[in-house]
Amino acid sequence: MAGTPPVSSFSPFLRYIPNSRSSTLTLIRSSSSPVTSPVSMDTPRETRKVVVCGGGVIGVCTAYFLAKNGAAVTLVEKSAIACAASGKAGGFLAFDWCDGGPISALARASFNLHRSLSQELDGPKSYGYRALTTLSLTISESQKPSTPSNSSSKSTGNSVVPSWVDGPVQNTRTIGNTETTAQVHPQLFTRTLLSNAMEKYGVEVVIGKLEKLTLEGGRFQSVVLEDGRVINADAVVLALGPWSGKFEALSSLFRVYGLKAHSIVLEPKEPEAITPHALFLGYYPAQGGRPIDPEMYPRPTGEVYLCGMSAVAEVPENPEEITPNPESISVLKRVAKTVSSRLGEEEAELKAEQACFLPCTDDDLPVIGKLPGVSECYVATGHSCWGILNGPATGAAMAELILDGESVIVDLNRFSPARFVGRERNR
Ligand SMILES: Cc1cc2nc3c(=O)[nH]c(=O)nc-3n(C[C@H](O)[C@H](O)[C@H](O)COP(=O)(O)OP(=O)(O)OC[C@H]3O[C@@H](n4cnc5c(N)ncnc54)[C@H](O)[C@@H]3O)c2cc1C
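Residues numbered from 1 in each chain as written. Predicted model: local features only at pLDDT ≥ 70, side-chain atom pairs only at ≥ 80, totals over all residues.

As annotated in an unreviewed UniProt entry, the protein chain carries the name Oxidoreductase C1F5.03c and comes from Cucumis melo.

Asker: Is there a simple way to think about the overall build of the protein chain in this case?
Answerer: In terms of regular secondary structure, the protein chain is built from eight helices and 22 strands. Counting the 427 residues in the protein chain, one finds 50% classified as buried. Look at the contacts in the protein chain between residues 6 or more apart in sequence, and 75% of them connect residues 24 or more apart. (Helix = DSSP H or I, 4+ residues; strand = E, 2+ residues; numbered from the N terminus. Buried ≥ 20, exposed ≤ 12 C-beta atoms within 10 Å, placed from the backbone. Contact = placed C-beta atoms within 7 Å.)

Asker: Please clarify how the sheet that holds strand 15 (residues 235-238) should be interpreted in this entry.
Answerer: In any sheet, the strands associate via hydrogen bonds between backbone groups, in a parallel or an antiparallel arrangement. Strand order in the open sheet made by the six strands is 11-3-2-15-22-21, with mixed pairing throughout. Every interior strand has two partners, whereas the edge strands, strand 11 (204-207) and strand 21 (367-370), have only one. The sheet shows a mean angle of 20° between the axes of neighbouring strands, direction not considered. The strands touched by helix 8 (residues 387-404) within the sheet are strand 2 (49-53), strand 15, strand 21 and strand 22 (377-381), with strand 22 carrying the most contacts at an inclination of about 170°. (Pairing = 2+ DSSP bridges. Axes fitted to C-alpha atoms, helices over the stretch in contact; angles between N-to-C directions.)

Asker: Help me out: how do you make sense of the site of the ligand in this one?
Answerer: Around the ligand there are 41 residues in total, and G56, A89, G90, G241 and G387 lie nearest to it. Elements with a minimum of two residues in the shell around the ligand: helix 1 (57-68), strand 3 (72-77), helix 2 (85-88), strand 16 (256-268), strand 20 (348-361) and helix 8. Across the shell around the ligand, the residue classes tally to 24 nonpolar, 14 polar and three charged. Split by domain, the residues of the shell around the ligand number at least three in each of domain 1 (8-17 + 27-32 + 46-110 + 185-254 + 365-419) and domain 2 (134-179 + 258-361). (Near = placed C-beta within 6 Å. Nonpolar A, V, L, I, M, F, W, Y, C, P; charged D, E, K, R; others polar. Domains from an automatic or database assignment.)

Asker: Is there a simple way to explain the pairing of strand 22 in this structure?
Answerer: As a general feature of sheets, a regular strand has side chains that alternate between the two faces. Among the five residues that make up strand 22, five are buried, leaving the element largely enclosed by the rest of the structure. Of the two faces of strand 22, the one lined by C377, V379 and T381 and the one lined by Y378 and A380 are each fully buried. Taken together, the four bridges between strand 21 and strand 22 define a ladder with antiparallel strand orientation. Pairing of I368 across the sheet is with A380, part of strand 22. Hairpin connection between strand 21 and strand 22: a loop of six residues separates the two successive antiparallel strands, and G373 in this loop has a positive phi of roughly 85°.

Asker: Explanation requested: the sheet that holds strand 9 (residues 169-176) in the structure shown.
Answerer: Sheet architecture is open: seven strands sit in the order 9-6-17-18-19-16-20, paired in mixed fashion. Whereas interior strands pair on both sides, the edge strands pair on one side only; in this sheet they are strand 9 and strand 20. Sheet twist, expressed as the average angle between the axes of neighbouring strands with direction ignored, equals 25°. Pairing analysis gives 13 bridges linking strand 16 to strand 20, with the strands arranged antiparallel. Residue pairing across strands places P268 opposite A348, the latter belonging to strand 20. Of the strands in this sheet, strand 6 (133-140), strand 16, strand 17 (277-284), strand 18 (295-298), strand 19 (304-312) and strand 20 are in contact with helix 7 (residues 326-339), which crosses strand 16 at around 45°.

Asker: Got a minute to help me understand the nonpolar core in this structure?
Answerer: Side chains of nonpolar character tend, in soluble globular proteins, to be buried together. V50, C53, A63, V73, V236, V237 and Y378 are the most contacted members of the largest nonpolar core, which has 129 residues in total. Both domain 1 (8-17 + 27-32 + 46-110 + 185-254 + 365-419) and domain 2 (134-179 + 258-361) contribute no fewer than three residues apiece to this core. For V237, the contacting residues outside a window of four places in its chain are V50, V52, C53, T62, Y378, A380 and M398. (Core = buried A, V, L, I, M, F, W, Y, C linked by C-beta atoms within 7 Å.)

Asker: Help me understand the pairing of strand 17 in this model?
Answerer: With respect to burial, strand 17 is a largely interior element, seven of its eight residues being buried. Where strand 6 meets strand 17, eight bridges bridge the pair, whose relative direction is parallel. By the bridge assignment, T133 is partnered in strand 17 with H277. Alignment of strand 17 against strand 18, held across two bridges, turns out to be antiparallel. Of the residues in strand 18, the one forming a bridge with L279 is M296.

Asker: Would you mind showing me how to read helix 3 (residues 104-121) here?
Answerer: Structurally, the α-helix is built with 3.6 residues per turn, so residues lying three or four positions apart point the same way. Taking 1.5 Å of rise per residue, the 18 residues of helix 3 would be expected to cover 26 Å, and the 25 Å separating its terminal C-alpha atoms lies within 8% of that figure. Those residues of helix 3 not exposed but buried are L106, A107, S110, F111, L113, H114, L117 and S118. Lining the buried residues of helix 3 we find strand 4 (92-94), helix 4 (123-127), strand 10 (181-183) and helix 8. A positive backbone phi angle near 55° is found at D122, which sits one or two residues after helix 3. (Expected span 1.5 Å × (residues − 1).)

Asker: Can you help me understand the packing of helix 1 against helix 5 (residues 186-201) in this one?
Answerer: Helix-helix packing: each pair is described by the crossing angle between the helix axes and the interaxial distance. Packing of helix 1 against helix 5 leaves a shortest axis separation of 9 Å and a crossing angle of 25°. On the basis of the axis angle, helix 1 is roughly parallel to helix 5. The two elements helix 1 and helix 5 meet at a crossing, and its hand is left-handed. Contacts from V57, V60, C61, A63, Y64, A67 and K68 of helix 1 reach helix 5 at P186, T190, L193, L194, A197 and Y201. Classifying every residue of the contact of helix 1 with helix 5 by side-chain character gives 11 nonpolar, one polar and one charged. (Parallel < 35°, antiparallel > 145°, perpendicular 65-115°, else oblique. Left-handed = near helix turned anticlockwise from the far one by under 90°.)

Asker: How do you make sense of unusual backbone geometry when you look at a structure like this?
Answerer: The phi angle of most residues is negative, glycine excepted, and most peptide bonds adopt the trans form. Even without being glycine, A82 reaches a positive phi, approximately 55°. For A82, the position within the fold is in the loop between strand 3 and helix 2. With 25 C-beta atoms counted inside 10 Å, the residue A82 sits in the buried group.

Asker: Would you take a moment to explain the packing of helix 1 against helix 8 for this structure?
Answerer: Where helix 1 contacts helix 8, the two axes come as close as 7 Å, and the packing angle between them is 40°. Comparing the axis directions of helix 1 and helix 8 gives the class oblique. Between helix 1 and helix 8 lies a crossing whose hand is right-handed. Of helix 8, the residues touching helix 1 (which contributes V57, I58, C61, T62, Y64, F65 and L66) are G387, I388, G391, P392, T394, G395, A396, M398, A399, I402 and L403. Residue classes in the contact of helix 1 with helix 8 are distributed as 13 nonpolar, five polar and no charged.

This is the structure in structure tokens:
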């Protein structure tokens, strides 16, 4: 086990004050579309038809567990599967880092589910699942790097720092071990899960934008896409990530805002020199000011992923329109080469520079459960910086809630959207 488990303040993503945003009306209360009759309320469990909207990790995990448990699932995604945060995240997983907080049980259950999914789906080969050692360390840009060492590791403080970390690091601490921390490649994970759901359990994927829901007598009837297509179902799950804030049925009840975060992916010339150590950095820029806290994850593919530099920003309509801020990218490049001479321009190829949005809520908790006032309409969003970790347990819990009426794997009461009813919202 790690020593003192890190708390959420380790994450750079939870420290920012949200902005307000506008929304459009997307829920209509009576059916006027040319739809066929929905499946009967008494449809047996095996044939319940569910539409899941949003092809990020949350929507895909929900579709997977619903279909595995007998539902007929259609997944609607407006762009491409895992095109947004679920494809561009770090993919870091921690068993006990959320302990003492409201998402502790969700995180623990999900960490364990990741482990069993990896066994089921050949995670190490299919999507780079592996256990990690995780270090916290501080590093100052203005200090000279130490001479690169040929030994496999060196000791600073009370922790072992791998030799590829040859920058001027200090205050190193082991904060996770191979029992408590792990990683996946988030895009490969999400896409592998979906292809299994399609092949083994018959999930269908529709590329199209959810425009509105139709209801009859307060009960969900169908999903209407922007191009006019209509999908009838017994239930709908809205897993729209940071775009939840643009969907009136959700934004009229609670706020989801986007925290834009940046990342780069590097391919060092000698990938075998990079050991499976995740690094949580306190980085002091040369020009002074407060330290920033980027995170570095070497991947079994030989790539090194580095993220940080986040700020609240307006979420563009299309995921393809999200462009990184060049200054943020150049800071990340400087961080990379300060941490390791193997990650400078000469020694590593830049494979990607990108940005994406964390879906955040006003009370920093995900929103998972039944939408109040509408029968058979469910939501799963607001997972902030832990969506890859918490995707599997969220999906499994949603499947139980929809198919059995109650989630056993995790108590969802704390995350219910009903908590926002009558609550004054931040603007
Ligand atoms: C830089 C960065 C690093 C991160 N690192 C980690 C990490 O190491 N570990 C971790 O656990 N989490 C991490 N996260 C958080 C994690 O990525 C998110 O919590 C998670 O991806 C959110 O998943 P989602 O499915 O809710 O949203 P998204 O991935 O944003 O997916 C939402 C999907 O809905 C689709 N959509 C939106 N509107 C519509 C519509 N009207 N119709 C149809 N489809 C629609 C979008 O196109 C998109 O594909 C990180 C996030 C960032 C930004």
